[in-house]
Amino acid sequence: MKQPLQQTEIVAADSEGVAQAARLLCAGRLVAMPTETVYGLAGDARNAAAVAAIFAAKGRPSFNPLIVHVASVANAQRIAELPQAALLLASRFWPGAITVVAPLRTGHGLAPAVTAGLNTVAIRVPAHPLAQMLLAKFDGPLAAPSANPSGRISPTTPAHVLAGLEGRIAAVLDGGACAVGVESTIVGFEDGKPVILREGGISREAITTCLGACPTHTTETAITAPGQLASHYAPRATLRLNANDPKPGEIWIGFGPQCHKAKLTLSPKGDLEEAASRLFAVLHEADATGQPIAVAPVPDHGVGAAINDRLRRAAAPRSG
């Protein structure tokens, strides 16, 4: 990372702090905002320079689209043409940890780089009260990928944001630790049928219950939504999956009571919701040791599917 270019301020979680964050966003600056999933690096989605600054601050490849955050379903419909299945998901899960990918509406007003040239947009309504306050005060759509260097471990606390982006962004709106801890589930639609583009905070089972049909997984190899890069969410150290015991020199991350000897754990009682909320924080802590990382097996149902998706991408061969 380059030397700091600007002072990054910590903005308090109160009305004055939200107003300050909104002023910075209106001026085309970047603000890390808390959501229930992870911290997002927010910029005015209509401002081409602000969107370009997001890609530059993160070192994010230009072909990787951004999620647009809005305050309500009505605001989403001004930007995207939501199919009936998307509206059903929105009625059940918004505000919340689900993103839908839908065709752009004529006159949407977004900067072209937000969608990476696609004719669709990834959009969601976050549930975090500070994110909602900021969206209301800013009164516009915010492009907000995770507030970390591209490909690295996602941030769930202000300290994580500063560790990766201090000096590269204007401010961090301090909302404490994120509750869900993994990014939103991303759902696209093919001929009106739901397709999981990224596992996340809303489980496949919950989506199936809502829609009355089980969503498929995408077989598309091109990048059509955020979070689809093969190597992503990665620590600096190597990461080994499904490790029932550590090898010499490894730091072992456990899951469940059978891993009571592990120095770090996602959940000592084997609770998947707790594991999801702790995943990135524990990966940050493990990475700080400088040791290779081993992670115990995690069940692949419910939010465990999202945890395993992040771990597989974190363990994937690095492209650079």
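Parameters at a glance
Residues numbered from 1 in each chain as written. Predicted model: local features only at pLDDT ≥ 70, side-chain atom pairs only at ≥ 80, totals over all residues. Heavy atoms only, no water. Helix = DSSP H or I, 4+ residues; strand = E, 2+ residues; numbered from the N terminus. Rg over C-alpha atoms; globule rule 2.2 N^0.38 Å. Buried < 20%, exposed > 50% of the residue type's maximum accessible area, 1.4 Å probe, protein only. Contact = heavy atoms within 4.5 Å. Lys, Arg positive; Asp, Glu negative; His and termini not counted. Charge placed at Lys NZ, Arg CZ, Asp CG, Glu CD. Pairing = 2+ DSSP bridges. Axes fitted to C-alpha atoms, helices over the stretch in contact; angles between N-to-C directions. Expected span 1.5 Å × (residues − 1).

Q: It is not clear to me how the overall build of the protein chain should be interpreted in this structure. Could you clarify?
A: Within the protein chain one finds nine helices and 15 strands. Its C-alpha radius of gyration of 19 Å places the protein chain within 12% of the 20 Å reference for a compact globule of 320 residues. Its C-alpha atoms give the protein chain principal-axis dimensions of about 55 × 50 × 35 Å. Evaluated residue by residue, the protein chain yields a buried proportion of 56% over its 320 residues. Across the protein chain, contacts joining residues at least 24 apart in sequence account for 68% of those joining residues at least 6 apart. The centroid of the 27 positive side-chain charges in the protein chain is displaced by 4 Å from the centroid of its 24 negative side-chain charges.

Q: Explain unusual backbone geometry to me, please; I cannot follow it from the model alone.
A: Excluding glycine, residues mostly have negative phi values, and the peptide bonds linking residues are mostly trans. A cis amide bond, omega -5°, links Trp94 with the succeeding residue Pro95. Take Pro95: it is sitting in the loop between α4 (84-93) and β5 (98-103). In this structure, Ala116 takes a positive phi of about 55° despite not being glycine. Tracing the backbone shows Ala116 in the loop between β5 and β6 (120-124). The exposure class assigned to Ala116 is partly exposed, which follows from its relative accessible area of 25%. With a phi close to 50°, Asn242 is a non-glycine residue in the positive phi region.

Q: What am I meant to see in the sheet that holds strand β10 (residues 193-198) here?
A: Sheet strands associate in pairs through backbone hydrogen bonding, adopting either a parallel or an antiparallel arrangement. Taken in spatial order, the 11 strands of this open sheet run β1-β8-β2-β3-β7-β4-β6-β5-β9-β10-β11, and their pairing is mixed. In this open sheet, the two strands that pair with only one neighbour each are β1 (9-11) and β11 (216-217). As paired strands, strand β4 (residues 67-69) and strand β7 (residues 142-143) are joined by two bridges and run antiparallel to one another. In the strand pairing of β7, His69 is matched with Leu142. Packing against the sheet, helix α6 (residues 158-165) makes contact with β1, β2 (31-33), β3 (40-44) and β8 (171-173), and its axis sits at approximately 165° to β8.

Q: Explain helix α9 (residues 304-315) here, please?
A: Each α-helix winds once per 3.6 residues, and so residues spaced three or four apart point in a common direction. Helix length check: α9 (12 residues) gives 16 Å between terminal C-alpha atoms against 16 Å at 1.5 Å per residue, within 8%. With 10 of 12 residues buried, α9 lies mostly within the body of the structure. Those residues of α9 that sit buried are Gly304, Ala305, Ala306, Ile307, Asn308, Asp309, Arg310, Leu311, Arg313 and Ala314. Buried residues along α9 sit against β10, β12 (239-240), α8 (272-288) and β15 (293-295).

Q: Could you clarify how one ought to interpret the pairing of β5 in this entry?
A: The two faces of the sheet receive side chains in turn, since in a regular strand these alternate between them. Among the six residues of β5, five are classified as buried, and the element is accordingly described as predominantly covered. Examined bridge by bridge, β5 and strand β9 (residues 185-190) share three bridges and lie parallel to one another. Within β9, the position partnered with Val100 by the bridge is Val187. Judged from the four bridges that link them, β5 and β6 form a sheet pairing that is antiparallel. Counterpart to Val101 in the pairing with β6 is Ala122.

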